[in-house]
Amino acid sequence: MSKAFIKEFWKDKKMIGSILPSSKFLAAKMLNHIPLENTKLIIELGPGTGIFTEKIIEKIDATTHLIVLELNPELCKDLKAKIILPNVHIKEASADKIGEIIKEFGFEKADIIISSLPLANFSVELRNSILEVVNESLNENGSFIQFQYSLNAYKNLKKLFPVVKLNFTALNFPPAFVYTCSKR
Ligand SMILES: C[S@@+](CC[C@H](N)C(=O)[O-])C[C@H]1O[C@@H](n2cnc3c(N)ncnc32)[C@H](O)[C@@H]1O
């Protein structure tokens, strides 16, 4: 599966953002500190080959819905072929459309939003519009978890979320910072 990821990286480096999928160590840092169980709606942005998607699915039961948005058509097609579950909804769409997409599925807000989007490669306009819609789409008690390869996103996230906690793993290529953001 990572062959497909590398191929897509060479086609559009900025959109994919990394030459390799994330490690299991980064997946653990992203997912192990947040209770994914007993949630109604989780959203994943930028799943790539599904390294985090599969871990999320291991932790939830059939009553939790997972909406996954991937902009790259090839990666999205592979993910749809690999994951066929009634509570997992994989869509080829840009992350800035989450507001309207969660409504299509009959939800108002998400409990948890997990993002691998390469924010540093986006235009200021796209980055801001995605972060604003993430903020609007998140429950008051919800968490937004985002990884990046630098600390540059801290300022942007802190403008929108009163609480931004940082974590780090060197056991990824490249090493990564995990931002966990909440409204209270
Ligand atoms: C750094 S990769 C992470 C992939 C995977 N989650 C991982 O950690 O290995 C970023 C992913 O975000 C996707 N992506 C980029 N821009 C996007 C957008 N605007 N909306 C949704 N997905 C996007 C890319 O196609 C790519 O799959």
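Residues numbered from 1 in each chain as written. Predicted model: local features only at pLDDT ≥ 70, side-chain atom pairs only at ≥ 80, totals over all residues.

*Asks:* I keep staring at the overall build of the protein chain and nothing clicks. Help me out?
*Replies:* Check the secondary structure of the protein chain and you find eight helices and seven strands. For 184 residues, the compact-globule formula gives about 16 Å, and the C-alpha radius of gyration of the protein chain, at 15 Å, lands near that figure. In terms of overall dimensions, the protein chain has a C-alpha envelope of 40 × 40 × 30 Å along the principal axes. Classification of the 184 residues of the protein chain by burial places 38% in the buried group. Across the protein chain, contacts joining residues at least 24 apart in sequence account for 67% of those joining residues at least 6 apart. (Helix = DSSP H or I, 4+ residues; strand = E, 2+ residues; numbered from the N terminus. Rg over C-alpha atoms; globule rule 2.2 N^0.38 Å. Buried ≥ 20, exposed ≤ 12 C-beta atoms within 10 Å, placed from the backbone. Contact = placed C-beta atoms within 7 Å.)

*Asks:* Got a minute to help me understand the sheet that holds strand E6 (residues 163-169) in this structure?
*Replies:* Sheets are built from strands that pair by backbone hydrogen bonding, the pairs being arranged parallel or antiparallel. As summarised here, the arrangement of the seven strands in space is E3-E2-E1-E4-E5-E7-E6, forming an open sheet in which the pairing is mixed. In the strand order of this sheet, the two ends are held by strand E3 (88-92) and E6, each with one partner. Between one strand axis and the next, the sheet turns through 15 degrees on average, direction left out of account. With five bridges connecting them, strand E1 (residues 41-45) and strand E2 (residues 65-70) associate as parallel partners. Each residue of the ladder has a partner; that of Ile43, found in E2, is Ile67. The strands that helix H4 (residues 51-59) touches are E1, E2, E3 and strand E4 (110-115); relative to E1, the one it contacts most, it runs at about 165 degrees. Helix H5 (residues 73-82) contacts E2 and E3 of the sheet and is inclined by roughly 160 degrees relative to E3. (Pairing = 2+ DSSP bridges. Axes fitted to C-alpha atoms, helices over the stretch in contact; angles between N-to-C directions.)

*Asks:* Any chance you could explain the pairing of E1 here in plain terms?
*Replies:* The side chains of a regular strand alternate between both faces of the sheet. Most of E1 is tucked away, with five of its five residues classed as buried. A two-sided burial pattern is seen for E1, the buried positions comprising Leu41, Ile43 and Leu45 on one face and Ile42 and Glu44 on the other. Following the chain from E1 across H4 to the adjacent parallel E2, one finds a crossover that is right-handed. (Right-handed = clockwise from strand over helix to strand, strands pointing away.)

*Asks:* Just to check I follow, could you spell out the pairing of E6 for this structure?
*Replies:* As defined by bridge partners, E6 adjoins strand E7 (residues 176-182) across seven bridges and the pair is classed as antiparallel. The residue of E7 that forms the bridge with Val163 is Ser182. In textbook terms, the turn of a hairpin is the stretch between consecutive antiparallel strands, and for E6 and E7 this stretch comprises six residues.

*Asks:* I would appreciate a short explanation of the site of the ligand in the present structure.
*Replies:* Inspection of the region around the ligand gives 22 residues, with Pro21, Ser22, Gly46, Gly48 and Ser116 positioned closest. Of all elements in the fold, only helix H2 (13-16), H4 and E2 reach the threshold of two or more residues within the shell around the ligand. Broken down by class, the residue content of the shell around the ligand amounts to 13 nonpolar, eight polar and one charged. (Near = placed C-beta within 6 Å. Nonpolar A, V, L, I, M, F, W, Y, C, P; charged D, E, K, R; others polar.)

*Asks:* Mind showing me how you'd approach H4 here?
*Replies:* Looking only at H4, the buried set comprises Phe52, Thr53 and Ile56. All buried residues of H4 fall inside an arc of 100 degrees around its axis, so they share one side. Close packing links the buried residues of H4 with helix H3 (24-31), E1, E2, H5 and E4. (Arc of directions from axis to C-beta.)

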